[in-house]
Amino acid sequence: MERWKGRVALVTGASVGIGAATARALVQQGMRVVGCARNVDKIEKLAAECQSAGYSGTLIPYKCDLSNEEEILSMFSAIKTLHKGVDVCINNAGLAHNEPLLSGKTEGWRNMIDVNVLALSICTREAYKSMKERNVDDGHIININSMGGHRMVPSADEHFYCATKYAVTALTEGIRQELREANTHIRATCISPGIVETEFAFRHHNSDPEKAAAVYESMKCLKAEDIASAVTFVLSAPPHVQIGDVQMRPVEQVS
């Protein structure tokens, strides 16, 4: 990770869970991390914690609604002005709504597509543009996917969510191929966790907290820090090594 010291990483959805753990890990490794979310209060608190801990990097909170393209473009413009540009893009933000395929509301489907698919694609495009205009040839784009992007979960509440994550699997491979066609050494990686104990289930099952709690009580789940460790593992790989897809799940998870 030595070569990443002082360089800029964007982490989307950095206020809680995997995003917060990843932002902390990268700051600890000496990176300048722009952490974005709709609510930055928790990111500001995390930034203060990182500073108090004496980490060599810095965490810069940025308020951004990833379902709004104009806000994403404004964020990249600010990063260019204040920090020159993005060297690492961690597309972590994602969400799920209980909207089955046969009875779900279009609004919920659209929100999942806007955040899980379109925001990821827009951030990737803008990060690549930032790297290219500064002749950065060793940047990295990491998409935080899900095991739901590789097999369909047997729950109607998650079918549309899984479809968006299947899209992330396809998009990551498409990005890798286009980077090769562009004759660049910028790399693209997909990290696909199984069940991770975060706020995700409580947001997903917001009307049924007991159901959400049961998800995490059923087994020893992955922790957000486990995924953050995978991110640093991917970034620390030698420049000639392309790690395409890291699939992670609890030992006790059946599928």
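See the structure printed just above.
Residues numbered from 1 in each chain as written. Predicted model: local features only at pLDDT ≥ 70, side-chain atom pairs only at ≥ 80, totals over all residues. Heavy atoms only, no water.

Asker: Got a minute to help me understand the pairing of strand β4 (residues 88-91) in this structure?
Answerer: In regular strands, side chains alternate between the two faces of the sheet. Across the two faces of β4 the burial is the same, with Val88 and Ile90 and Cys89 and Asn91 all buried. Pairing analysis gives three bridges linking strand β1 (residues 8-12) to β4, with the strands arranged parallel. Residue pairing in the sheet places Val11 in a bridge with Ile90 of β4. As paired elements, β4 and strand β5 (residues 140-144) share four bridges and run parallel to each other. Directly across from Asn91, in β5, lies its bridge partner Asn143. (Buried < 20%, exposed > 50% of the residue type's maximum accessible area, 1.4 Å probe, protein only. Helix = DSSP H or I, 4+ residues; strand = E, 2+ residues; numbered from the N terminus. Pairing = 2+ DSSP bridges.)

Asker: I'm lost on helix α5 (residues 159-181) in this one. Help?
Answerer: Along an α-helix, residues three or four positions apart point the same way, because every turn accommodates 3.6 residues. Taking 1.5 Å of rise per residue, 23 residues should cover 33 Å, and α5 covers 33 Å from first to last C-alpha, within 8% of that figure. Among the residues of α5, Phe160, Tyr161, Cys162, Thr164, Lys165, Val168, Thr172, Ile175 and Leu179 are the ones counted as buried. (Expected span 1.5 Å × (residues − 1).)

Asker: Please clarify how the nonpolar core should be interpreted in this entry.
Answerer: For soluble globular proteins, the rule of thumb is that nonpolar side chains tend to be buried together. If you look at the biggest cluster of nonpolar residues, it comprises 38 residues, and the most contacted ones within it are Leu26, Val33 and Ile191. Of all the secondary-structure elements, those providing two or more residues to this core are β1, α1 (17-28), β2 (32-37), α2 (41-52), β4, β5, α8 (224-235) and β7 (245-248). Filtering out sequence-adjacent residues up to four positions away, Ile191 remains in contact with Ile142, Asn143, Ile144, Asn145, Ser146, Ile227, Ala230, Val231, Val234, Asp245, Val246 and Met248. Ranked by size, the runner-up nonpolar core spans 30 residues in total, among them Ala93, Met112, Leu179 and Ala188. (Core = buried A, V, L, I, M, F, W, Y, C linked by side-chain atoms within 4.5 Å. Contact = heavy atoms within 4.5 Å.)

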